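The primary structure of each chain is shown beneath.
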Amino acid sequence: MKSTEEEILEGLSSQGGTAVKRIFMKKGTTLVATKHVILTFNTTKLSSTVKAGYIYCKTRLYIPNPIRCFKCQRFGHSKTACRGRLTCCKCASVDHLTSDCQSAELLCANCKQPHSADSKDCPQWKKEKKIQEVRTQQNLSYYEAKKLLFPEQNSMSYSNALKSSTSQPSQTDERLTKVIVPPLIKLTPVKPNVLRVKKCFYERKLQQNHLTNSAAQSKSKAFSKC
Ligand SMILES: [Zn+2]
Ligand SMILES: [Zn+2]
Ligand SMILES: [Zn+2]
């Protein structure tokens, strides 16, 4: 898929798409575009596929990665909002930058185990990821999901919770979490469903599977152009 984000969004606007963001991977020092895109829809019901041109793309719920502060290494806020001390990501020392680290031993600033603070093996990272998962699946705020999963650790003061609740931590582009979606049902707050397109299937293959009526109609229209 070589289409730009704008082109994809244009194609998805009739399906309720409100935002498109392509996922990039770091290869050395350069960022390489992947085939995966994050889509935001203005609906609470997730569709298992989206139509992109003549192709149906399979979708799955996008679970954002937890946000980790690059300054103090703690989870739940970014460097720009940090009030903590500068801490080395590799050895948890507060005396030097991560880039200047000379330590042979790894020590996580969050869990005190022998790995760097950016390790996906970190139990704290796994816990934060679980919060993101529950938050996304159940349309909750970060703090609602945290309270649900770890009620005993919810000792944050009310003022802090209130302050932080305006920015729900995630590692994704801020534009995504800030998308405002008009509620479909009155009195029910609606948050955008964010999907990640995983794999594309050609229409013919999908024909044997599951098509909604409306999708089938547009599909036949598309076939007539072939
Ligand atoms: Zn911080
Ligand atoms: Zn260090
Ligand atoms: Zn750790």
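The rules behind each value
Residues numbered from 1 in each chain as written. Chains lettered and ligands numbered in written order. Predicted model: local features only at pLDDT ≥ 70, side-chain atom pairs only at ≥ 80, totals over all residues. Helix = DSSP H or I, 4+ residues; strand = E, 2+ residues; numbered from the N terminus. Contact = placed C-beta atoms within 7 Å. Axes fitted to C-alpha atoms, helices over the stretch in contact; angles between N-to-C directions. Parallel < 35°, antiparallel > 145°, perpendicular 65-115°, else oblique. Left-handed = near helix turned anticlockwise from the far one by under 90°. Nonpolar A, V, L, I, M, F, W, Y, C, P; charged D, E, K, R; others polar. Buried ≥ 20, exposed ≤ 12 C-beta atoms within 10 Å, placed from the backbone. Arc of directions from axis to C-beta. UniProt positions renumbered as here; feature names shortened; annotations may be inferred. Core = buried A, V, L, I, M, F, W, Y, C linked by C-beta atoms within 7 Å.

**Student:** What am I meant to see in the overall build of the chain here?
**Tutor:** Helix and strand content of the chain: seven helices and five strands. What you see in the chain, going N to C, is helices and strands ordered as α-β-β-β-β-α-α-α-α-β-α-α. Put simply, of all contacts in the chain between residues at least 6 apart along the chain, 47% involve residues at least 24 apart.

**Student:** Just checking my understanding: could you explain the packing of helix 2 (residues 123-137) against helix 3 (residues 142-149) for this structure?
**Tutor:** The packing of two helices is summarised by the inter-axis angle and the distance between the axes. Look at helix 2 against helix 3: their axes get within 8 Å of each other, and the N-to-C directions meet at 115 degrees. For the element pair helix 2 / helix 3, the angle class is roughly perpendicular. With respect to the hand of their crossing, helix 2 and helix 3 are arranged in right-handed fashion. Note on element contacts: helix 3 touches helix 2 through Y142, A145, K146, L148 and L149, opposite K130, I131, V134 and R135. In terms of residue class, the contact of helix 2 with helix 3 is made up of six nonpolar, no polar and three charged.

**Student:** I tried to follow helix 3 on my own but got confused; where do I start?
**Tutor:** It helps to recall that an α-helix has 3.6 residues per turn; residues three or four apart then point in one direction. For helix 3, the complete set of buried residues consists of Y142, Y143, A145 and K146. Down the axis of helix 3, the buried side of the element spans an arc of 160 degrees, and every buried residue falls inside it.

**Student:** Help me out: how do you make sense of the UniProt feature "domain: CCHC-type" (unreviewed entry) in the chain in this one?
**Tutor:** Per the UniProt entry, the sites bearing "domain: CCHC-type" (unreviewed entry) are residues 68-84, 87-103 and 107-124 in this numbering. Structurally, residues 68-84 is divided into 0% helix and 0% strand, and its ends, taken at the C-alpha atoms, are 12 Å apart. Secondary structure content for residues 107-124 is 11% helix and 0% strand, and the end C-alpha separation is 13 Å.

**Student:** Sorry if this is basic, but what is going on with the environment of G76 here?
**Tutor:** The topology assignment puts G76 in the loop between strand 4 (55-61) and helix 2. The exposure class assigned to G76 is partly exposed, which follows from the 19 C-beta atoms found within 10 Å. Along the chain, G76 and E128 lie 52 residues apart, while their C-alpha atoms are 8.4 Å from each other.

**Student:** I would appreciate a short explanation of the nonpolar core in the present structure.
**Tutor:** Here is a general trend for soluble globular proteins: nonpolar side chains tend to be buried in one another's company. I8, L12, V20, V37, L39, F41, V50, A52, Y56 and C57 form the largest nonpolar core, which has ten residues in total. Breaking this core down by element, the ones donating at least two residues are helix 1 (5-12), strand 2 (30-41), strand 3 (49-52) and strand 4.

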